[in-house]
Amino acid sequence: MNSDNDKQPVGARLTAALAQFPSQNSQALDYAHAHLIAGLVLAHKPLEVLELGVGSAYLTSVVLEALRENGRGRLTSVDNFFDWNGKKPFHITYLQENNPDWNLIVEDESIFLQRSPSEAFTFIISDGDHTRGYQTAPDLFRTAAPGSVLVFHDTSSEIFRLLARLPKRCRQLGFDNFHFNSKSKPEENTDRGLLVVGKQDRRRFSLDPIVRLYLFWRDKLRPLLKPSNRLNCQN
Ligand SMILES: C[S@@+](CC[C@H](N)C(=O)[O-])C[C@H]1O[C@@H](n2cnc3c(N)ncnc32)[C@H](O)[C@@H]1O
C-alpha cells in the first residue's frame, strides 16, 4: 500500500494485511484458510483473479498483497453489498482508494457470471451468494480457464446444504479437489470448509490433434488411395 510497506518481506506484509482485521470476524473466512489462499496465489501466479463476495475485505486484502508480491496479476471482485443493505461500506472505499488497480464490480454475482466470457479467469474465489452458489457453479467453472485454481468457502456448513454438495459434484465432474475442513483449536472456523479445485489443463492432451490427424489419414485418406494403387497394379 505504501513504499515502506513494500520494503517488508512478503511474509510480514501478508501477516500485516491479515492483522488489519479481527481474526474472529464472523463474516470472514478463517486465518488458516486466508493464508492458504494467499499461498496458492503466490505459487500459481495467476494473471486474472476473480473473487465473489468481498465482505469484510479480509481475504481481498491478502490476495491484493500476494498479487503485489507476484508483480503481476489483477483482482476483480464482485459484490452487490447485499450484506450491507446495498450500500458500499466505508472499509471498501478505503481499500479502493489504496488499491487503484483493484477492479471492484458492484453487481449480483449470477448476472456477472452469465455475462462473463468463458475461460476468462485463472484463479477464482467463491465466497459470495451462499444460497445460490451451487446453482451458479457451472457458470463459474465455465469462466475458469484450463489450469485454473478454484476455491469455494463454507462447503461444510450445516446451513448451506447445497454448497456442501460441491465436493461430490466436483468429483463427479472429474475435477481434482481437496476439501479442507479440519479444526484443531476451539476458536478456529476451519470446519466451515474450504474446497480447493483444479480445472485440468487441456495442454495435457496436446497430442489430441496429432492423434485425430492420424485417424483421419488412416480412416479417410488411406482408403481413398488404395483403389488407385490396385488399378496401377492391374495395368
Ligand atoms: C461471507 S461474505 C464474504 C466474506 C469475505 N470472504 C471476507 O473475507 O470477509 C459474503 C459477501 O457476498 C456478498 N453477496 C451476497 N450475495 C451476493 C450476490 N448475489 N451477488 C454479489 N454479492 C453477494 C455480500 O454482500 C457479502 O459482502
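Right above here is the structure, for reference.
A quick note: this is a predicted structure, and the numbers were derived from the prediction, not measured. (Residues numbered from 1 in each chain as written. Predicted model: local features only at pLDDT ≥ 70, side-chain atom pairs only at ≥ 80, totals over all residues.)

### Things to note about the overall build of the protein chain
We apply this condition: Helix and strand definitions here come from DSSP, where helices need a minimum of 4 consecutive H or I residues and strands a minimum of 2 consecutive E residues; each element is numbered from the N-terminal end. The exposure label follows from counting other C-beta atoms within 10 Å of a residue's C-beta, where the C-beta atoms are placed from the backbone and the thresholds are 20 or more for buried and 12 or fewer for exposed, leaving partly exposed in between. Each residue is represented by a C-beta atom placed from its backbone, and any two residues with such atoms within 7 Å are regarded as in contact.
Along the backbone of the protein chain there are nine helices and seven strands. Burial statistics for the protein chain: of 235 residues in total, 32% are counted as buried. Once local pairs closer than 6 in sequence are excluded, the contacts in the protein chain between residues at least 24 apart make up 72%.

### As for the nonpolar core
For the record, the criterion: For the purposes of this analysis, a nonpolar core is taken to be any set of buried Ala, Val, Leu, Ile, Met, Phe, Trp, Tyr and Cys residues that are connected through C-beta atoms within 7 Å.
Residues Leu 59, Val 63 and Ile 124 are the most contacted members of the largest nonpolar core, which totals 46 residues. Top contributing element to this core by residue count: helix 4 (residues 58-70), with seven residues. In contact with Ile 124, other than residues within four places in its own chain, are Leu 50, Leu 140, Ala 144, Ser 148, Leu 150 and Val 151.

### Some points on the site of the ligand
Rules: We count a residue as near a molecule or strand when its backbone-placed C-beta atom lies within 6 Å of that partner. The nonpolar class holds Ala, Val, Leu, Ile, Met, Phe, Trp, Tyr, Cys and Pro. Asp, Glu, Lys and Arg form the charged class, and all remaining residues, Gly among them, are polar.
Taken together, 21 residues lie near the ligand, and Ala 28, Gly 53, Gly 55, Ser 56 and Asp 129 sit nearest. Residue composition of the shell around the ligand, grouped by class: nine nonpolar, six polar and six charged.

### Focus on helix 2 (residues 10-19)
Definition in use: In this description, one arc is meant: the one made by directions from the helix axis to the C-beta atoms.
What helix 2 keeps buried is the set Arg 13, Leu 14 and Ala 17. The arc that holds the buried residues of helix 2, viewed along the axis, is 100 degrees, so those residues lie on one side. Among the exposed residues of helix 2, those pointing more than 90 degrees away from its buried face are Gly 11, Ala 12 and Ala 19.

### Remarks on the pairing of strand 1 (residues 48-52)
As a reminder of what qualifies: Strand pairing is assigned whenever DSSP detects at least two bridges linking the two strands. Note on handedness: a crossover is taken as right-handed if, strands pointing away from the viewer, the path from the first strand over the helix to the second is clockwise.
Among the five residues in strand 1, four count as buried, and that is most of the element. Where strand 1 meets strand 2 (residues 74-78), five bridges bridge the pair, whose relative direction is parallel. Bridging across to strand 2, Leu 50 finds its partner in Thr 76. Viewed along the sheet, the connection from strand 1 through helix 4 into strand 2 turns out right-handed.

### Observations regarding the packing of helix 2 against helix 4
For clarity, the cut-off: Between N-to-C directions, angles cover 0 to 180 degrees, with each direction set by a line fitted to C-alpha atoms, over the stretch in contact for helices. Between 65 and 115 degrees an angle is taken as roughly perpendicular, under 35 as roughly parallel, over 145 as roughly antiparallel, and anywhere else as oblique. It is the rotation of the near helix from the far one that decides the hand of a crossing: anticlockwise by less than a right angle makes it left-handed, clockwise makes it right-handed.
Orientation of helix 2 relative to helix 4, taken along the N-to-C sense of each, is 160 degrees, at an axis distance of 8 Å. Here helix 4 runs roughly antiparallel to helix 2, going by the angle between their axes. With respect to the hand of their crossing, helix 2 and helix 4 are arranged in right-handed fashion. Counted together, Val 10, Arg 13, Leu 14, Ala 17 and Leu 18 of helix 2 and Ser 61, Val 62, Glu 65, Ala 66 and Glu 69 of helix 4 form the full contact between these two elements. When the residues that make up the contact of helix 2 with helix 4 are grouped by side-chain class, the tally is six nonpolar, one polar and three charged.

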